[in-house]
Each structure stands twice: as structure tokens, then as C-alpha cells.
Amino acid sequence: CDKQDARVRKQRLLVVANRLPVSATRKSEDSWALEISVGGLVSALLGINEFEARWIGWAGVNVPDEIGQRSLTKALAEKRCIPVFLDEETVHQYYNGYCNNILWPLFHYLGLPQEDRLATTRSFQSQFASYKNANQMFADVVNEHYKEGDVVWCHDYHLMFLPRCLKEYNSKMKVGWFLHTPFPSSEIHRTLPSRSELLRSVLAADLVGFHTYDYARHFVSACTRILGLEGTPDGVEDQGKLTRVAAFPIGIDSDRFVRALELPQVKDHMKELKERFAGRMVMLGVDRLDMIKGIPQKILAFEKFLEENPIWRDKVVLVQIAVPTRTDVPEYQKLSSQVHEIVGRINGRFGSLTTVPIHHLVRSRPSTLTDDRSLDFHALCALYAVTDVALVTSLRDGMNLVSYEFVACQASKKGVLILSEFAGAAQSLGAGAILVNPWNVTEVAASIGYALTMPADEREKRHRHNFTHVTTHTSQEWAETFVSELNDTVVEAQLRTRQ
Ligand code: G6P
């Protein structure tokens, strides 16, 4: 085992994801301001210092000129990041179009956009062509930087075509692919016009990973029902080649949160928040402003709770942090206005001259110290720590690490987590959380009442369960397990070929 650990530690890991963990802003023709972003995948992979990791991905900016591309490549190299440059049209067709308007809603059970239902529509076909083309561009950059013995770890629904492109370059390359969203029931996947091509491409990888056993099972049954392949307990077999399919539930770098609570600036933030919300219980939601997060449903449940429990109206506040995302996609623009409208109505209905029941803050994440509209890490930790009840009520969610972050910051308060049964996290934190069906506003409203009045010993028991899970199943452990299994898969395949 020690020998294997040493091998894993020395290995070069090429992490390929649509988005780099660094966002770039252009300062002049050849200078850039770089900022590390701490989102779901990013916070998970921050814990994998053990490997010699390099990131390959899009920096989130359009850089059409050569001077810009060269200077950004140089600046990113210091952060061990390698950029893939996507032009505006590709971003429009591949990222906004195929990834975020087709795959994302489909994988979260929201179906295909109406106008794209027919495989023959122009936009679907051109978006899929652009998707494949963009994946090929990622493959070119990986291939350019790949050295023998490297492990290539591809991430998420943006890059389902990548394993195949990479294996076409070099069939010996060790390739893993991990999906951060749910993989839906095969009946949902079947509706996708490019269903078979995507499955076949993913199967080119040596190891395919999901957050939960259910997602892995859905993927295997899609391969058996749609492609007619054989599903085995280990994965999917096609003409003697086994693609290993398994569940690897992600975690967070929990120490980072636990340690932050000891920092003076976090303590100052906490003091400030406690003063501001004195005499009120604090409920918290932190979500990207995405339809899968169920923000309108959550706020409506809070309204129902206030409606039915007048005594709580001046005793509880809901802080809802909404992080704008994919703002070029019309669905996201609509959602943003919808949330503003509902919050305005509820605050008008239950607010007073001095207080409002919902503090709806639109804040970008990552943060910069100079940007007071963003929520920095320390302020976020303080907010988690002073919260009595967190509401994570996604309609569907691959895992949801906000629930993990909240638990990590609750060692002293032992607050309650209300968690959607449709988030992957329900499978790991289910015993400690109050599980709800987020579509059932009445049930969520009742759970709010239950959470706010939960006896201390029950809170303690539930918290202990979740805290133990979050602090032992960390992002580091997740990454190490995946990479070590990827190495084993290749060894196993070699043994099979020799037999
Ligand atoms: C989800 C996806 C990630 C993505 C993130 C932020 O968590 O699984 O791959 O990076 O959302 O979305 P964005 O479109 O801004 O990269």
C-alpha cells in the first residue's frame, strides 16, 4: 500500500475541465490579473497537492490575439494551468448551447429545450458539431503536454467526447472521466439525439466515475439498453474491453473551513453578523443562480412557513446568497428576474420599516478583496458558522458541496441541515439531515418549523453524524482513490490481455 501511495504521489496528473480554477482579467495588452476561484470542483481538487497536478481548461475569457494568448499562457503557467482558447462562436455554441442549454438541463431531469427536440433542427446539429470540435481542441492541448506515465483525468459533461479523442491519439494513455452532475435514468438519456455517440466516447476511458451508485447504475443501464452492451458488476464490456464504472463520492477540504473559523477576521465577521441578527434565528441558502437549485421553491416554502406561523415572523431571517452564473443563457436570465420578484413580494408582505424576512444577496464567487459585491471566503465561513438552519433544496444536484461546507463550519453551533433528497449529498448526509422533497412546498415549510425548534440533543446527534462524514471523506481522499483506481484499472487490463 505504501509503495502504491508513493507511486500515486509522484505521478503527473493532467486535470482537464472546461473551466480552469483561475479566472483571468486582462489588464493591458500583455498583462493579466489572475484569481483562484473556489467552486465545487475547484475546492475539491485544491486538496490534491500530493500529485504533481496540472490543469488544462478554458480561462473564461475571449483572447483573440496572439500577444494576449502568449502572455496569458505564460502567466497561467506559474499557477500550473494550461489554457485552451475558445473563440466567441465556440463559447456560444459549445458552452452556452450544447453544454448549458442541452446537457445540463437534461442530466438534471429538466428535459431537452422544446425547439431542439427534433434531431434535425439546425441549432442542435451545429451545437453538437461545435461540442465535438471544442472537445477536440481540449484533446490537442492535452496531447501536446502529455508525457508517458501521466494520468489524464477528464471532468464533467462538457468533455464527454474527450476520452475518445484522447484514445485516438494514444491508446495507451491512462484516461479517467468523472461526471459532477447526476447521470439520469436511461429513459431520459434516450431522448438525447446524440445519445449513442456520447456514451461510446465516454466508454473509451479506462475508468468512469460518478458521485453516487445510482448515477453509475443509470449509466450502465443506458449502455446496455441504448448500445446493447453487456453491463457487469464492474462496469461495461464491449468486445472484450472492460470500462470500469464506479461511484466515488466527492468531499471538501474540510480542514480549510475548520481552520478558518479560528482566524480573527472570521471571528470579527461572526461578531458583526450576530449583532445584526440578534434576537432572530438565521436560515441560510447559498446557491448558484441556477434552475436546478430550486431557489423559487425554497423561498415559497419559507413564505408558507411565515404565513402559517405568525409568531416566527420577527424571529427568523433567511439569508439567500445567489451566485450569478451562465448569464448569457436566457433561462438563467428569466430565473434571476423570477427570484427577485418573489423575494420582493414576500418582503413587502412580511417586512417592516426596520426589518425584512429575506436578505437576498446576489454575490459573485470567487471573491476579490477589492470587490465589495463578492462574498469572500472568510465572510462565507462566518455566515455558515452563525447559521441555525441551512436550506439546500436543489431539485436535482450531482452532489452539492454547500451542504458539506455548512456542516464543516458548525462544530460549535450544531445547526440543522435541511437537504433535498435529490442531491447526491443526501446519500452521505441523509442520516444527519432532514431530507425533503423540494417540490413539496408544504413539506419543506413543515421541516423549517421542525428544524427551528429541534431539541439540542437531537441537533447534536445529527451534527455529529454529518461532521464525522464530512471530515473523513475529504476531497483529497476522493482524488487519491480515483487516481489509484485508475492506475489499477490499467494494470488489470494488461493482465487480462496477457491471459
Ligand atoms: C457545476 C459544474 C461545473 C461548473 C460549475 C460552474 O458545478 O458541474 O463543471 O464549472 O457548475 O458553472 P460554470 O458554467 O460557471 O463553469
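As a starting point, this report considers the structure included with it.

Criteria and cut-off values
Residues numbered from 1 in each chain as written. Predicted model: local features only at pLDDT ≥ 70, side-chain atom pairs only at ≥ 80, totals over all residues. Pairing = 2+ DSSP bridges. Helix = DSSP H or I, 4+ residues; strand = E, 2+ residues; numbered from the N terminus. Axes fitted to C-alpha atoms, helices over the stretch in contact; angles between N-to-C directions. Contact = placed C-beta atoms within 7 Å. Parallel < 35°, antiparallel > 145°, perpendicular 65-115°, else oblique. Left-handed = near helix turned anticlockwise from the far one by under 90°. Nonpolar A, V, L, I, M, F, W, Y, C, P; charged D, E, K, R; others polar.

1. With respect to the sheet that holds strand E8 (residues 207-210)
- Read from one edge of the open sheet, 9 strands run E5-E4-E1-E6-E7-E8-E11-E10-E9, paired in mixed fashion. The open sheet terminates on both sides in strands that have one partner only, identified here as strand E5 (81-83) and strand E9 (230-232). Strand-to-strand twist across the sheet, computed as the mean angle between neighbouring axes with direction ignored, equals 20°.
- Pairing geometry for strand E4 (residues 52-58) and E5, over 3 bridges, is parallel. Bridged to Gly 57 within E5 is Pro 83.

2. A few points about the sheet that holds strand E12 (residues 281-288)
- Taken together, the 6 strands give an open sheet; going across it, the order is E14-E13-E12-E15-E16-E17, and neighbouring strands pair in parallel fashion. Edge strands, defined here as strands with exactly one partner in the open sheet, are strand E14 (358-362) and strand E17 (434-436). Averaged over all pairs of adjacent strands, the angle between their axes in this sheet comes to 20°, without regard to strand direction.
- Alignment of E12 against strand E13 (residues 316-323), held across 8 bridges, turns out to be parallel. Its bridge partner being in E13, Gly 285 is matched across the sheet by Gln 320.
- Lying on the sheet, helix H12 (residues 295-308) is in contact with E12, E13, E14 and strand E15 (389-392); it crosses E13 at an angle near 170°.
- The strands that helix H17 (residues 441-452) touches are E12, E13, E15, strand E16 (416-420) and E17; relative to E17, the one it contacts most, it runs at about 170°.

3. A word on the packing of helix H8 (residues 195-203) against helix H9 (residues 213-227)
- Contact pair H8 / H9: the axes reach a minimum separation of 10 Å and the direction vectors enclose 125°. The orientation of H8 relative to H9 falls into the category oblique. Considering how the two elements wind past one another, H8 and H9 form a crossing that is left-handed. In this structure, H8 uses Arg 195, Ser 196, Leu 199, Arg 200 and Leu 203 to contact H9, whose residues at the interface are Ala 222, Cys 223, Ile 226 and Leu 227.
- When grouped by side-chain class, the residues that make up the contact of H8 with H9 number 6 nonpolar, 1 polar and 2 charged.

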